[in-house]
Amino acid sequence: MLTLQLVSFLFSKIKEGPTKKLKVDSFLHTMCLHDDQLSAISARFQAEMKKGLSAESNAAAAVKMLPTHVRSTPDGSERGQFLVLDLGGSKFKVLRVKVRDGTGIRRGGVEMEERSYPIPQELLVGRGAELLDHVSESLKDFLHEKNISLEKRHPLAFTFSFPCELSALDQGSLLSWSKNFRARGLQGKDVVQALRDAIGRTGGMNTEVLAVVNDTVATMMTCGFEDKYCEVGLIIGTGTNACYMEELRHIDLVQGDEGRMCVNTEWGAFGDDGALSDYITEFDRELDAASNNPGKQIFEKMVSGMYLGELVRLVVLKMATLGLLFAGHVSNALRIKGTVTTAHVAAMEEYKNGLENTRRLLTGLDLTPSLDDCIAVQHVSTIVSFRSSNLAAAGLAAILTRIKQNRKWRTFRITVGVDGTLYKTHPQYPKRLHKVVRRLLPECQVRFVLSDSGSSKGAALVTAVAQRLASQKRTVDETLSLFRLSSEQLQLVKARMRAGLEAGLRGEGPSEIKMLPSFVSRLPDGTEHGKYLALDLGGTNFKVMLVNFKKGLQPSSQVYHKIYTIPLEIMQGAGEELFDHCAQCVSDFLDYMGVKNTRLPAGFTFSFPCEQTAIDAGTLVSWTKGFNATDCEGHDVVDMLRDAIKRRNEFELDIAAVANDTVATMMSCAYEEPQCEIGLIAGNGTNVCYMEELRNIKTTEQKKRQMDDWSDGENKEGEARIQTMCINSEWGGLGDHGSLDDLITPYDAEVDLNSLNPGKQRFEKLTGGMYLGEVVRQTLLDLTSRGLLFRGNVTDALKTPGIFQTKYLSQIESDRMALLQVRSILQGLRLDSTCDDSIIVKEVCGAVSRRAAQLCGAGMAAVVEKIRENRGLDHLSITVGVDGKLYKLHPHFSEVLQETARVLAPHCHVTFVLSEEGRGKGAALITALTRPKEEM
């Protein structure tokens, strides 16, 4: 309340007020910053941030951008009991913090007990070891007072509110003291180790220092425990600083590029290199010159509570000296440094009592102020504190802009956790700061949350988060270890594949690997010519092609094609309907190409296990890849297609050859590369074919007669007797009799159980694109149910079979794919993920796809080693023709497969060639090879 004396005084002087206020505006015009200037300061700070993050420029950067090794904000699942030491001001605190632990604490709650201990002045400027001894002895006193066991191990977090360069979460070298601390012998030393040494000297305590944390980081973590959007921490108190979650790929001083890490900007040093020289006033220079660290912490000296009162004193002193205040009278008290504090500044700007508080302050400084003087001094205080909030807003806008740019957001929502006495006690400061930030960054929805015991609680939460992440990583690593194959396991897979190949060739009893003769005995030589129709059935599409081979010095081919979708109801309906659909597609294509009245020779690529009895006859052994059409297994698929064409009665087609897609791929690549004698499919399904010695194909008497008849027929023109035949291995069946049981994970078993053919094609279900996404989904489902992913929220989306397609593995594992894009993919699947979730999902995808590639590589090693031994060679050079989206599109699959084959088959030089239009072109080539040369 105003006194009667002051009311009378105010009324008597009411007309004088505006005069000196205008003089103050003129006198301090350089402190009054408009939005264009603040935007320019913000841009400069962004440039300083970039400079500090770069390894090349960090040493010269004023803003150090120190990595904190804090990789995650809280997710609410943290728990445990911790001791905290909070050192950063004239007092320090010892606390016991319980996070979701004990009786009566609400879910996600924190309970704290604390005690403050004064630090004698002589310790602030004495030996660093003595300062930490005092801290350690106070810790022991706290343990005694709270009856906390000295024998039991206690995890301890250390809030150390001074610039430190952290090499790990529990290793930090002191860069420089601030806030009147000048203890000797600690600068450049690891403060955590120094604390451990002090605890050792005190003795009798069983503590483990797990983390050293800046108060700014601790503030962010405290607020992040309550608000998942909090990724920025801000201190505006005795000192000032800010931290935020930066993309790890931008932090050169830390290895790795996955995820985020909190960066402690240490923005108080902004301007130390002259970046703010055009905004620094004579009063800033005078204050800086008289400080304990001239030329350092320039931004902090313009913003923080330690200096605002002194800035106001210097301005008032200068104005009084110039006769602009107090009729030119300058008291001795006004000349003394520190007689105006930031608490005085806050009091002078109170809404109701500000003028009264100003008068009391000035009277206490032995001055006799007029009302005009009081209004003017209050206005000085307002301008100085307003500049502080404006500068803080400019720096914060720079940080928010960087986050926005990092994540490629147009608009975004974010929370800033704030602590500090200036922010908490100044009546106008928060409102001013918030208003300017929102004005500088209108597209950002910023929420400011005041930290509750921020630095102490936050330090405990940093430790709790670190423990959670470490535990989570161990559990995830244990889970993913099921997919990791050792060298010994890969050698076993190679040996089992080799044994399966041999057993299939012998044809004695049931074999996991069918080793089906293809009746393709020779490779193209470039003399093939003419027009051929090629039909390709092997997935959700049916492809019809017209291939024209041209002879010449460099043989070439032209391919025309159309792709037709096969609806699911036809894939899994009646077999007759499936082949009628194919005949309709052929009819449409012949109309499209204008060749419906021409009887063309055709090759039929049929990408399912078939037992062939001739080049143009193949009996379907079993459906794969999601097909389940009835009345097809055990029937000749060529006859079924011929019958469908007859039923249509619109065109004639000479189906001269049927081939597996793998065989067709090999033939297509052999047309360009004569050394190609192996075909590999790595797509929705997986398979291999290769040229086997005819003498090794030991089969039943009936098959032997068929092969002999075919061989004799091939030799009717007097050609040399055939020595080799392409074998369609159908290696996807490896494991059907249990040979891979030791490699099958619970997730593979679940995928197999829910498939159309349980217990079949086990190798394919470990390696084929049709199944890898589902293996990933089953793994994610398990990790989520154990609380390791997506905050333990098992959504309907995650429970939906097939939702995680294999294409997502290729996208997520791309080297160019930032975690933000991974998160976008997951959100598109209705999986609300954090940055940490995205990292785990990427690791799961990598483990599943790498295993698939390694298994294919081990199988390939078995094939090439068999060919080498067949031919009695010390060294084999051979080419593999490859097709399939998994091999072509996945960023690492081909590389891992090739490297595995190279290591497991060291005596073989294997070249891999991608097939273009392989399956259709290959079928056309096989058809061409069935024709007499004069007909081609």
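Residues numbered from 1 in each chain as written. Predicted model: local features only at pLDDT ≥ 70, side-chain atom pairs only at ≥ 80, totals over all residues. Heavy atoms only, no water.

Asker: Describe in detail helix H8 (residues 282-289), supporting the description with residues and values.
Answerer: Restricting attention to buried positions, one finds in H8 the residues Phe-283, Asp-284, Leu-287 and Asp-288. Along the axis of H8, the buried residues cluster in a sector spanning 135°; they form a single face. (Buried < 20%, exposed > 50% of the residue type's maximum accessible area, 1.4 Å probe, protein only. Helix = DSSP H or I, 4+ residues; strand = E, 2+ residues; numbered from the N terminus. Arc of directions from axis to C-beta.)

Asker: Describe the state of the cysteines, and please don't skip the residues or the numbers.
Answerer: Summed over the entire model, instances satisfying the criterion amount to 0 disulfides. Looking at Cys-632, it has no disulfide partner, and the nearest cysteine sulfur is the one in Cys-582, 9.8 Å off. With relative accessibility at 0%, the residue Cys-632 sits in the buried group. Unpaired in terms of disulfides, Cys-676 finds its nearest cysteine sulfur in Cys-669, a separation of 5.0 Å. (Disulfide = S-S within 2.5 Å.)

Asker: Please give an account of the side chain of His-426 that cites residues and values.
Answerer: As for its placement among the helices and strands, His-426 is situated in the loop between helix H15 (421-425) and helix H16 (429-440). His-426 gets classed as buried once you look at its relative accessible area, which sits at 2%. A polar contact is formed between the side chain of His-426 and the backbone nitrogen of Tyr-429, at a distance of 3.1 Å. The residues contacting His-426, other than those within four sequence positions of it, are Val-345, Ala-346, Glu-349, Ser-385, Thr-421 and Arg-432. (Polar contact = N/O pair within 3.5 Å; in protein donor to acceptor, adjacent residues only side chain to side chain. Contact = heavy atoms within 4.5 Å.)

Asker: Break down unusual backbone geometry for me, with residues and values.
Answerer: You will see that Met-515, though not glycine, has its phi angle at about 50°, which is positive. Looking at the element boundaries, Met-515 is found in the loop between helix H18 (487-506) and strand S14 (516-517). Among the residues examined, Met-515 registers a relative accessible area of 4% and is labelled buried.

Asker: Tell me about the pattern of salt bridges, and name the residues and values.
Answerer: A side chain of one charge can pair with a side chain of the opposite charge if their charged atoms are brought near each other. Using the criterion set out here, one finds 55 salt bridges in the structure. For Asp-477, the salt bridge goes to Lys-473, with nearest N and O atoms at 3.0 Å. One end of the pair is Asp-477 and the other is Lys-473, both in helix H17 (residues 454-480) and 4 residues apart, which spans about a single turn. Of the residues examined, Asp-477 reaches a relative accessible area of 26% and is grouped as partly exposed. Overall, the relative accessible area of 48% leaves Lys-473 in the partly exposed class. Between Asp-752 and Lys-765 there is a salt bridge, and its shortest N-O distance comes to 2.7 Å. Pair noted here: Asp-752 is in helix H24 (residues 746-753) and Lys-765 is in helix H25 (residues 762-767), with a separation of 13 residues, a long-range link. (Salt bridge = Lys/Arg side-chain N within 4 Å of Asp/Glu carboxyl O.)

Asker: Tell me about the sheet that holds strand S24 (residues 724-728), and name the residues and values.
Answerer: Pairing within the open sheet is mixed, and its 6 strands lie in the order S14-S24-S23-S22-S25-S26. With one partner strand each, in any of the chains shown, S14 and strand S26 (908-914) form the two edges of the open sheet. Bridge analysis of strand S22 (residues 676-682) against strand S23 (residues 686-693) gives 5 bridges, and the strand direction is antiparallel. Residue pairing in the sheet places Ile-681 in a bridge with Asn-687 of S23. Set on the sheet, helix H29 (residues 835-870) makes contact with S22, S23, strand S25 (876-883) and S26; between it and S23 the angle comes to about 5°. (Pairing = 2+ DSSP bridges. Axes fitted to C-alpha atoms, helices over the stretch in contact; angles between N-to-C directions.)

Asker: Before we move on, could you go through the sheet that holds strand S21 (residues 654-659) and cite the residues and values that matter?
Answerer: One open sheet accounts for 5 strands, arranged S17-S16-S15-S18-S21; its pairing is mixed. At either margin of the open sheet sits one strand with a lone partner, and together these are strand S17 (556-565) and S21. Between one strand and the next, the sheet's axes are offset by a mean angle of 20°, whatever the strand orientation. Contacts from helix H20 (residues 575-593) reach strand S15 (530-537), strand S16 (541-550), S17 and strand S18 (601-606) within the one sheet, and its direction differs from that of S17 by about 130°.

Asker: Please give an account of the packing of helix H13 (residues 354-364) against helix H14 (residues 371-406) that cites residues and values.
Answerer: For the pair H13 and H14, interaxial distance at closest approach is 9 Å and the crossing angle is 105°. Classed by the angle they form, the pair H13 and H14 counts as roughly perpendicular. Facing Gly-354, Leu-355, Thr-358, Arg-359 and Leu-362 of H13, the residues of H14 in contact are Leu-371, Cys-374, Ile-375, Val-377 and Gln-378. Split by residue class, the contact of H13 with H14 holds 6 nonpolar, 3 polar and 1 charged. (Parallel < 35°, antiparallel > 145°, perpendicular 65-115°, else oblique. Nonpolar A, V, L, I, M, F, W, Y, C, P; charged D, E, K, R; others polar.)

Asker: Go over the environment of Ser-518, please, and point to the residues and values.
Answerer: As for its position among the elements, Ser-518 is in the loop between S14 and S15. A relative accessible area of 2% means that Ser-518 is categorised as buried. Through-space distance from the C-alpha of Ser-518 to that of Arg-249 is 51 Å; in sequence the pair is 269 residues apart. Beyond its immediate chain neighbours, meaning those up to four positions away, Ser-518 contacts Gln-612, Ile-615, Val-663, Met-725 and Cys-726.

Asker: Provide a residue-level description of the packing of H24 against helix H26 (residues 769-785), including the pertinent values.
Answerer: Remark: H24 packs on H26, axes separated minimally by 9 Å, with the N-to-C direction vectors making an angle of 120°. When the axis of H24 is compared with that of H26, the two are oblique. Here the hand of the crossing between H24 and H26 comes out right-handed. Taken together, the residues of H26 that come into contact with H24 (itself represented by Tyr-747, Asp-748, Glu-750 and Val-751) are Tyr-771, Glu-774, Val-775, Gln-778, Thr-779 and Asp-782. The class makeup of the residues in the contact of H24 with H26 is 4 nonpolar, 2 polar and 4 charged. (Left-handed = near helix turned anticlockwise from the far one by under 90°.)

Asker: Give a detailed account of the packing of aromatic side chains, specifying residues and quantitative values.
Answerer: Enumeration according to the criterion identifies 26 aromatic pairs in this entry. On the numbers, 6.4 Å between centres and 25° between planes, the contact of Tyr-887 with Phe-912 is stacked. With Tyr-887 in helix H30 (residues 885-889) and Phe-912 in strand S26, the pair connects residues that are 25 residues apart, well separated along the chain. Residue classification places Tyr-887 among the buried residues on the basis of a relative accessible area of 7%. The class for Phe-912 is buried, based on a relative accessible area of 15%. Joined through ring pairs, the aromatic side chains of Phe-158, Phe-160, Phe-162, Trp-177 and Phe-181 make up one cluster. The aromatic ring of Tyr-592 is capped on one face by Lys-562, whose charged end is 4.7 Å from the ring centroid. (Phe/Tyr/Trp six-rings, centres within 6.5 Å; stacked < 30°, edge-to-face > 60°. Lys NZ or Arg CZ within 6 Å of the ring centre and 35° of its normal.)

Asker: How would you sum up the confidence of the model for the chain? Please name residues and give values.
Answerer: On average, residues of the chain score 88 in pLDDT, and 92% of them are at 70 or above. Per-residue pLDDT, averaged within each element of the chain, yields its smallest value for helix H1 (residues 4-13) (43) and its largest for helix H31 (residues 893-904) (97). Of the regions scoring below 50 in pLDDT, residues 1-17 engages in 16 contacts with residues more than four places distant in sequence or in other chains. (pLDDT = per-residue confidence, 0-100.)

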